[in-house]
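Architecture and fold: a report
Each chain, written out:
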Amino acid sequence: MSTVTVKRSDLKAGEVLCSYCTARCCRYFALPIETPETWEDFDHMRWYIMHGHCAIFVDEDTWFLMVYGDCKYLLPDYRCGNYEDRPKICRSYTTDDCEYDNDGTYDRLFETPEQIWEYAHAVLPPKKKKRKKAETETATQKLPVVHI
């Protein structure tokens, strides 16, 4: 693995971009998730992040759950230790649009439950406060009717 940073356009015929990379594609995976619209949706996202080693990001209006973790077959030189028996998703992956020269920025990135909650407070209407049972009963009680 070379430590030289090479631009895609500078690759020589037969060179593989992966030879210059630190295997960014093998260090996490991201799955699209539904766009949050309610307090409950954001609360679920807080729960995801509370489990650690993950984040949520938005890229081009699509929300993703990103789970950090090196592939168990990633070798110290950033090559695949399971190349001949790698899953189909790895076989179909190309470097055409990979993250090699991506600056790693997203439209939005949430790494803590507090960030998710702060964003929810900024974009959702205020949460309705639950009324205590005694207040609810008092509010619904009718005055007694007195017959004369």
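Residues numbered from 1 in each chain as written. Predicted model: local features only at pLDDT ≥ 70, side-chain atom pairs only at ≥ 80, totals over all residues. Heavy atoms only, no water.

Looking at an unreviewed UniProt entry, the protein carries the name Flagellin N-methylase, with the source organism given as Gimesia fumaroli.

With respect to the layout of surface pockets
It is the rolling of a water-molecule-sized probe over the atoms that shows where space remains empty. Looking at the largest pocket, its volume works out to about 1500 Å³. Surrounding the largest pocket, 42 residues form its lining, R24, C25, C26, C90 and Y93 being those nearest its centre. Contributing elements (two or more residues each) for the lining of the largest pocket: β1 (28–33), β2 (54–59) and α2 (88–92). (1 Å grid on protein atoms, 1.4 Å probe; cavity = no way out; pocket = protein on both sides within 12 Å on 5 of 7 lines; lining within 4 Å. Points joined across faces, edges and corners; volume = space filled by probe spheres on them. Helix = DSSP H or I, 4+ residues; strand = E, 2+ residues; numbered from the N terminus.)

Describing the packing of aromatic side chains
Applying the stated criterion across every chain, the model contains nine aromatic pairs. Ring geometry for F42 against W63: centres 6.2 Å apart, planes inclined by 80°, an arrangement best described as edge-to-face. Placement of the pair is F42 in helix α1 (residues 39–50) and W63 in strand β3 (residues 62–68), with a sequence separation of 21 residues. By relative accessible area, which is 2% here, F42 ends up buried. Accessibility expressed as a relative area gives 5% for W63, which makes it buried. For the pair W63 and Y119, a centre-to-centre distance of 6.1 Å together with 55° between the ring planes defines the contact as tilted. With W63 in strand β3 and Y119 in helix α3 (residues 113–123), this pair connects stretches of sequence that are 56 residues apart. In this arrangement the basic side chain of R46 is found over the ring face of W117, its NZ or CZ atom lying 4.3 Å from the centre. Its guanidinium or amino end placed over the ring of Y83, R86 lies 3.8 Å from that ring's centre, counting from NZ or CZ. (Phe/Tyr/Trp six-rings, centres within 6.5 Å; stacked < 30°, edge-to-face > 60°. Buried < 20%, exposed > 50% of the residue type's maximum accessible area, 1.4 Å probe, protein only. Lys NZ or Arg CZ within 6 Å of the ring centre and 35° of its normal.)

Structural notes on α3
Restricting attention to buried positions, one finds in α3 the residues P113, I116, W117 and A120. The buried residues of α3 occupy an angular sector of 95° when the element is viewed end-on, so they sit on one face. Summarising the geometry of α3, the exposed residues directed more than 90 degrees from the buried face are E114, E118 and A122. (Arc of directions from axis to C-beta.)

What about the pattern of salt bridges?
Per the stated rule, a full pass over the model turns up four salt bridges. The shortest N-O distance in the salt bridge between R8 and D101 comes to 2.9 Å. With R8 in the segment before β1 and D101 in the loop between α2 and β4 (108–110), the pair connects residues that are 93 residues apart, well separated along the chain. Here R27 and D70 are joined by a salt bridge, their closest N and O atoms 3.0 Å apart. In this pair, R27 sits in the segment before β1 while D70 sits in the loop between β3 and α2, placing the two residues 43 residues apart along the sequence. Its relative accessible area of 48% is what places D70 among the partly exposed residues. (Salt bridge = Lys/Arg side-chain N within 4 Å of Asp/Glu carboxyl O.)

Describing the sheet that holds β3
Each strand in a sheet pairs with another by means of backbone hydrogen bonds, the pair being arranged parallel or else antiparallel. Pairing within the open sheet is antiparallel, and its four strands lie in the order β1-β3-β2-β4. Edge positions in the open sheet fall to β1 and β4, since each of these has one partner strand only. The mean inter-strand angle of the sheet, taken between neighbouring strand axes irrespective of direction, is 25°. Strand direction decides the pairing type here: β2 and β3, joined by six bridges, are antiparallel. Of the residues in β3, the one forming a bridge with A55 is M66. Contacting β1, β2, β3 and β4, α1 crosses the sheet at an angle of about 135° to β2. α3 rests against β2, β3 and β4 of the sheet, and its axis sits at about 130° to β4. (Pairing = 2+ DSSP bridges. Axes fitted to C-alpha atoms, helices over the stretch in contact; angles between N-to-C directions. Contact = heavy atoms within 4.5 Å.)

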